[in-house]
Amino acid sequence: MPENVPFNKEEFAWESNPFSEVHKVIAVASGKGGVGKSLVTSLLACAAAKDSKETAIMDADVTGPSIPKAFGLHGMLSAIEGVGIEPAVARNGVKVVSMNLLLEDEESPVVWRGPVVAGVLQQFWKDVDWGKVDYMFVDMPPGTGDVPLSIYQSLPVDGIIVVTTPQDLVQLIVKKAYNMAQMMNVPILGVIENMSYMECPDCGKKLNVFGESKAEEIAKNLGVPVLATMPIRPQTATLVDLGQVDTANAPEATEAFAKIKEALGDED
């Protein structure tokens, strides 16, 4: 078991925007890229919005942002003097702030070192007028480097969701992400296994494209619950490409959000 990192959270805490009222902050993390973390973040936010919660996404994957595209958001964010940057608002009411919404050309690469990226995220928290938010999902960059460290130290994160896939290699990477959360004294709310299976369109049989599910095994080893096992749905990928993730059919995300609410003591 890793030892906790000795630090005073209040000392590292980023000042919030005076016009923001964010109640719950949930980090959606993975130990590696390519597991569909941003898709899971988007679907969870959509589930929260359908549950009549004021919902927001902070796209903390500054060098590889993908949240705006999933929601069909383009153009640059505006600011109100004395108030702050106004987040973009998706069709379903989800508020979004992402580096891609601060670039004149959204295809321009962001080639920055960790401390600069951390400074941008501090601005996302301090300089954005988030307004009232019941649930903010933070789409984390992969790995356990500077940016996750800054977020866990400086944002009031209420819990972490670890996204995984069935491959054996991912189990080792997940353990690293879990250990980092333990070191930073941030609770793990549970595991979501993405790309868990694919349903045959002809016979309905579940096909284990990436091998047998490891969700229960991983969750048991970590001592946390399985929030959902999400299948591969080609139609969801198409909707993301069209910027219409809010219209995707994802009952597993609804199920997961209900468990998240329960874990955080949200009694509606």
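Refer to the structure printed above.
In this report, we go over the structure that sits alongside the text. All of these numbers come straight from a predicted model, not from anything done at the bench.

## Section: unusual backbone geometry
Phi at asparagine 185 is positive, roughly 60°, even though this residue is not glycine. Non-glycine residue methionine 195 carries a positive phi angle of around 55°. By the secondary structure assignment, methionine 195 is in the loop between strand E9 (188–193) and strand E10 (198–199).

## Quick word on the packing of helix H2 (residues 37–50) against helix H9 (residues 251–263)
One way to put it is that H2 packs onto H9 with a least axis distance of 9 Å and a crossing angle of 70°. On the basis of the axis angle, H2 is roughly perpendicular to H9. On H9, the residues touching Leu43, Leu44, Ala47 and Ala48 of H2 are Ala253, Thr254, Ala256, Phe257 and Ile260. Considered class by class, the residues forming the contact of H2 with H9 number 8 nonpolar, 1 polar and no charged.

## Description of the nonpolar core
With 84 residues, the main nonpolar core has Phe71, Ile151, Tyr152 and Ile160 as its most contacted residues. In terms of residue count, the dominant contributor to this core is H2 (8 residues). Those residues in contact with phenylalanine 71, other than ones at most four positions away along the chain, are Ser42, Cys46, Ile57, Ala90, Arg91, Asn92, Val94, Gly243 and Val245.

## Side note on a nonpolar patch on the surface
A cluster of nonpolar side chains, contributed by Leu207, Val209 and Phe210, occupies part of the molecular surface with about 240 Å² of accessible area. Within the fold, leucine 207 resides in strand E11 (residues 206–207).

## Some remarks on the side chain of aspartate 59
Mapped onto the elements of the fold, aspartate 59 is located in strand E2 (residues 55–59). Among buried charged residues, aspartate 59 stands out as having no salt bridge; its nearest opposite-charge side chain is lysine 37, 6.7 Å away. A distance of 3.5 Å separates a polar atom in the side chain of aspartate 59 from the backbone nitrogen of serine 66. A polar atom in the side chain of aspartate 59 sits 3.0 Å from the side chain of serine 98.

What counts, and at which threshold
Residues numbered from 1 in each chain as written. Predicted model: local features only at pLDDT ≥ 70, side-chain atom pairs only at ≥ 80, totals over all residues. Heavy atoms only, no water. Helix = DSSP H or I, 4+ residues; strand = E, 2+ residues; numbered from the N terminus. Axes fitted to C-alpha atoms, helices over the stretch in contact; angles between N-to-C directions. Parallel < 35°, antiparallel > 145°, perpendicular 65-115°, else oblique. Contact = heavy atoms within 4.5 Å. Nonpolar A, V, L, I, M, F, W, Y, C, P; charged D, E, K, R; others polar. Core = buried A, V, L, I, M, F, W, Y, C linked by side-chain atoms within 4.5 Å. Buried < 20%, exposed > 50% of the residue type's maximum accessible area, 1.4 Å probe, protein only. Patch = residues over 30% accessible without salt bridge, like charges linked within 9 Å, V, L, I, M, F, W, Y side chains within 5 Å. Areas by Shrake-Rupley, 256 points an atom, 1.4 Å probe, with all protein chains shown as cover. Salt bridge = Lys/Arg side-chain N within 4 Å of Asp/Glu carboxyl O. Lys, Arg positive; Asp, Glu negative; His and termini not counted. Polar contact = N/O pair within 3.5 Å; in protein donor to acceptor, adjacent residues only side chain to side chain.

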